[in-house]
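Structural description and commentary
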Amino acid sequence: MSPKVSIIVPVYNAEKTIARCIESVLKQSYRDFELILVNDGSGDSSRDICDSYAKVDGRVRVIHKENTGVSDTRNCGIAAAKGEYVEFLDSDDWLAPDAVGLFTRTMEEYDCDMVITDFYRVNGERVSQKGAIDVDGLMDRAAFAQYMMQKPSDFYYGVLWNKLFKRSILMEHEMKMDTSISWCEDFIFNLEYILYVDRIYALKVPVYYYVKTKGSLVSQGMSMKKTIQMKRMVFAYYNNFYKEVLSEENYEKRRLSVYRFLIDVAADGTVLPIVDQKLGDERTSVSDGVKEGEGFFFDLYREVKVLEKLFDVVALRNELQTDDVKLLFYLHEARVDCTFKETARILNMTRTQLSAAVQRLTAKELIKEPEKSKKTGKTASKEKELPEQGLTPESEAIKDPEKKKKKRPDIKKYVIMPEAENVLSEIMSALTDFEQIQYEGFTLEEIEECERLNQRRNENIRKMLG
């Protein structure tokens, strides 16, 4: 069977970075892909490194060719691709572990023709999240073009590697990279592709690590005259794109905005709220020691970290923190009353972290403290369709008179607001991924048996505590 995704990597003298690039693909949580490494006549050990991976993993295919440049090299990869979708990756960059899965699920869940994502900009040991479209959602070609008009030279729109394409569209329109130019060739490819699509999803999750090592036109040794000629040619593509997308009347109204491309400076994206972190702190991660550790505590910790990794994605899409996602899910699921201290321990937070999460969710109006009745002083909620969940005052939770003597901080009830439904839906999708990760390679009968035995195990633990 053909793979779902073809990932194309042009390789040229990349012996220092290609192993990291390849490893990031092979460690993807989503497994149904082929990795096409196109060696563009490298003079270093890149050839041997690529071949070594192909020998041990059948999903890796290597193409060796004479040096003809990156555009022709990508064209070779497109011609060799067998997947339903096509993704591009540069040899000095790498993917987040959930990149291919997020691309694919979004494409299929929303019946898209293209998915575009935020990305990480890597500068030494520092990393920043970059993006251009400030909404997470589906749009048509015209709406996407309006966004692009605001920042026409942004890498977000111009590069290939933060996008997922349909191979059927590439094949139907015989799309190839233009080998006659060496500036904005990616952008021109994107413009042509967008002319043939109807549905585009902007995903506000950074899934790509971009290391800025590529040179400018001047560093390529191109003369000023040649540079101006090339920019004019690229602008002609850009201008014609908007003549196709916009009506004649609308184009005339926005022509000055279109011409902004001529003076705009290429940029690698707008810095988003999560900026300039130490590389490795931008997502939940663990050390090699934790990955390899044996025993109960390592098993338990790894399970928690995998779940936090999946919650990271939900947090990034909704401009939340992972603690906020954990708390929101807890409030949705909790059917019993717990104290503030117990809740913090259950969620593996400090009480300060839990308080901060409550404040952030309240500020975003995802949860709400119920109003108190003036007559009775008891809480009353107008949101009857969404029951009060989770956090309750200690005085209500404790019925034993002896235990009432032990004073603990009160914890208030919070109501989940309707605005949180989208976030909760994404959390449920993350939990589905968690199940798939846990039970990969299991038969249905094995999964059912595991769940049955785990239920008995949990009942035994409850009895011991009771």
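Residues numbered from 1 in each chain as written. Predicted model: local features only at pLDDT ≥ 70, side-chain atom pairs only at ≥ 80, totals over all residues. Heavy atoms only, no water.

**Overview of the confidence of the model for the protein chain**
Predicted coordinates in areas of low pLDDT are best not read in detail. To keep things clear, this is the line we draw: On a scale of 0 to 100, pLDDT captures the predictor's confidence in every residue. Whether two residues are in contact is decided by their heavy atoms: any pair within 4.5 Å suffices.
Scored by pLDDT, the protein chain has a mean of 83; 79% of the residues are at 70 or more. The low-confidence segment residues 381-388 (pLDDT under 50) makes 17 contacts with residues lying over four places distant or belonging to another chain. Here residues 392-398 scores under 50 on pLDDT; set against residues more than four positions off or in separate chains, the count is 18 contacts.

**A look at the nonpolar core**
Formally: Side-chain atoms within 4.5 Å are what join buried Ala, Val, Leu, Ile, Met, Phe, Trp, Tyr and Cys residues into a set we call a nonpolar core. Three exposure classes are used, based on accessible area relative to the maximum for each residue type with a 1.4 Å probe and protein chains only: buried under 20%, partly exposed in between, and exposed over 50%.
Ranked by size, the top nonpolar core spans 47 residues in total, and within it Ile7, Val9, Ile18, Leu35, Leu37 and Leu89 carry the most contacts. If we ignore the near neighbours within four places in the chain, the residues touching Leu35 are Ile7, Val9, Ile22, Val25, Arg59, Val60 and Arg61. By size, the runner-up hydrophobic cluster in this structure holds 38 residues, among which are Ala81, Tyr157, Leu160 and Ile200.

**Let's talk about the packing of aromatic side chains**
As a reminder of what qualifies: Centres within 6.5 Å are what make two rings of Phe, Tyr or Trp a pair, Trp counting through its six-membered ring; a difference in plane orientation under 30 degrees is then read as stacked, over 60 as edge-to-face, and the rest as tilted. Think of it this way: any DSSP run of H or I at least four residues long counts as a helix, any run of E at least two long counts as a strand, and we number them from the N terminus.
Tallying each qualifying case throughout the model produces 17 aromatic pairs. Relative to Phe189, the ring of Phe88 lies with its centre 6.3 Å away and its plane at 85°, an arrangement referred to as edge-to-face. On the criterion of sequence distance, the pair formed by Phe88 in strand 4 (residues 85-88) and Phe189 in helix 8 (residues 185-194) is long-range, its members being 101 residues apart. Since its relative accessible area comes to 1%, Phe88 is described here as buried. Judged by centre distance (5.3 Å) and plane angle (75°), the rings of Phe296 and Phe297 are edge-to-face. The exposure classification of Phe296 matches that of Phe297, with both residues exposed.

**Section: the sheet that holds strand 10 (residues 163-166)**
Note the threshold: Only when DSSP finds a minimum of two bridges between them are two strands counted as paired. In this analysis, axes come from line fits to C-alpha atoms, helices being fitted only over the stretch in contact, and the angle between any two N-to-C directions falls in the range 0 to 180 degrees.
The strand order across the open sheet built from eight strands is 3-2-1-4-10-6-11-9, with neighbouring strands paired in mixed fashion. If you trace the sheet from one side to the other, it starts and ends with strand 3 (60-65) and strand 9 (137-140), each paired once. Along the sheet, successive strands turn relative to each other by an average axial angle of 25°, direction set aside. Across four bridges, strand 9 lies against strand 11 (residues 199-203) in antiparallel orientation. Residue pairing in the sheet places Leu138 in a bridge with Tyr201 of strand 11. Strands strand 6 (114-117), strand 10 and strand 11 of the sheet are contacted by helix 8, whose axis makes an angle of about 50° with strand 10.

**Comments concerning the pairing of strand 1 (residues 5-11)**
The line we're drawing: Think of it like this: strands point away, you trace from the first strand over the helix to the second, and a clockwise trace means the crossover is right-handed.
Most of strand 1 sits out of view: seven of its seven residues are buried. Every second residue of strand 1 is oriented toward a common face, with Val5, Ile7, Val9 and Val11 on one face and Ser6, Ile8 and Pro10 on the other, all of them buried. Where strand 1 meets strand 4, four bridges bridge the pair, whose relative direction is parallel. Looking across to strand 4, one finds that Val5 is bridged to Tyr85. Bridging between strand 1 and strand 2 (residues 33-40) involves seven bridges; their strand directions are parallel. The residue bridging Ile7 from the neighbouring strand is Leu35, located in strand 2. In the classification by handedness, the crossover that spans strand 1, the intervening helix 1 (residues 18-26) and the parallel strand 2 is right-handed.

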